[in-house]
Amino acid sequence: MRLLVTGGLGFIGSNFIRHMLAADRRVRIVNLDLRTYAGNPASLVDLSRNPRYRWARGDIADPKVVDRCMKGAEAVVHFAAETHVDRSILDAAVFLRTNVIGTQVLLDAALRHKVGRFVHVSTDEVYGSVARGFSREGDRLEPNSPYAASKAASDLLVRSYVVTHGLPALVTRASNNFGPYQYPEKALPLMITNWMDAAPFPLYGDGRNVRDWLFVLDHARALELVLRRGRLGEVYNIGGTHSCSNRELIERVRVLMGVGPELVRRVPDRPGHDRRYALDCAKLKSLGFRHAYGFTEALQATVDWYRGNEAWWRPLKKGGVYRRYYSRQYAARLKGRTSK
Ligand code: DAU
């Protein structure tokens, strides 16, 4: 299978590419990735001599580049996106450009090139906060952050191409991913890497927000299944194995790493902070999906990975892009901090 993957230098995309190349010797992958701050060639350095893999640097919102990369592709798996909620609150423009316009450019190219399957990778955040129960694929979309709104817009764009143009596309909506190669602005790698340096983790609000944790390698397996066996035109939720509050997550990681409670600082909340996400995954299970990784082992493996791969994350945290973001995002919050 000749696959075009977009955003394959990012966290989930890079794990997916490695998974697919190992799972099936017939798979060949072109990875179209702009290498933004969150895309890191070091995440796939082990594939640099693999004849079945090629990285093409370029922007998904550029129709010429997309056209070149789409040539000969039998299927597309579309990860490329701006994904960090806090950044979308600081500045939404690039989220609209990449997540919405970029998706439209890809969909048009997929039609022209008569691609056999197009998997659009999305998020549970499009459903908004759910006080109780579980979000199902047909539920209303009620996104609350600019990031979530841009993903909801792109999901609806995919739907419109299915209905209007008969594009053979599918949408997946996953919960919070964790694992190796995640950029250290997200809660879990931020926590682990800050604590390795005895620096505090800034906990937003009361810490009772609930997330459903999905190990990235299980996500990669679920995406392969949807790519191969999902019904065209359908949406599939991909949830994790452990739903918990941020406080519980922090306590677990604190115990694993042996750090004291003084390394948790309560800071003012994220504006519009969704209280709870929860997915009903019956549809995915009906395709035969079962998680392969338990939460406890996967969390330990993740902590071990960051401990063993300082050469991967330290340069990111030392870089100007990260430092500017970190001070803009946290300086005021840490100043007006409340105690735990
Ligand atoms: O649910 C899927 C989504 O999960 C993805 O679509 C997003 O791309 C991904 O970023 C993630 O969104 P969250 O906002 O849930 O993830 P984040 O790692 O930013 O935060 C997880 C929780 O931790 C959330 O309740 C906010 C809280 N948090 C986060 C950061 C960065 C803190 O308390 N302090 C922090 O410094």
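Calculation rules
Residues numbered from 1 in each chain as written. Predicted model: local features only at pLDDT ≥ 70, side-chain atom pairs only at ≥ 80, totals over all residues. Heavy atoms only, no water. Buried < 20%, exposed > 50% of the residue type's maximum accessible area, 1.4 Å probe, protein only. Helix = DSSP H or I, 4+ residues; strand = E, 2+ residues; numbered from the N terminus. Arc of directions from axis to C-beta. Contact = heavy atoms within 4.5 Å. Axes fitted to C-alpha atoms, helices over the stretch in contact; angles between N-to-C directions. Left-handed = near helix turned anticlockwise from the far one by under 90°. Nonpolar A, V, L, I, M, F, W, Y, C, P; charged D, E, K, R; others polar.

Participant: When you look at helix H11 (residues 310-318) in this model, what are you seeing that I'm missing?
Facilitator: Owing to its 3.6 residues per turn, the α-helix brings residues three or four apart onto one side. Where H11 is concerned, the buried positions are Trp 312, Trp 313, Leu 316 and Lys 317. Looking down the long axis of H11, one finds its buried residues gathered within 105 degrees of arc, a one-sided arrangement. Those residues of H11 that are exposed and angled more than 90 degrees off the buried face are Ala 311 and Lys 318. Buried positions along H11 lie against helix H6 (187-196), helix H10 (295-308) and helix H12 (320-335).

Participant: How should I be thinking about the environment of Lys 318 in this particular structure?
Facilitator: Looking at the secondary structure, you find Lys 318 in helix H11. We classify Lys 318 as exposed; its relative accessible area is 59%. In this structure, the C-alpha to C-alpha distance between Lys 318 and Gly 8, residues 310 residues apart in sequence, is 23 Å.

Participant: Would you mind going over the packing of helix H1 (residues 11-23) against helix H7 (residues 216-229) with me for this structure?
Facilitator: Any two packed helices are characterised by how steeply their axes cross, that is the angle between the axes, and by the distance between the axes. Where H1 contacts H7, the two axes come as close as 9 Å, and the packing angle between them is 65 degrees. The hand of the H1/H7 crossing is right-handed. Counting all contacts with H1, which are made through Phe 11, Ile 12, Asn 15, Phe 16, His 19, Met 20 and Ala 23, the residues of H7 involved are Val 216, Leu 217, His 219, Ala 220, Arg 221, Leu 223, Glu 224, Leu 227 and Arg 228. A per-class count over the contact of H1 with H7 returns ten nonpolar, three polar and three charged.

Scope: geometric values only; no functional claims are made or implied.
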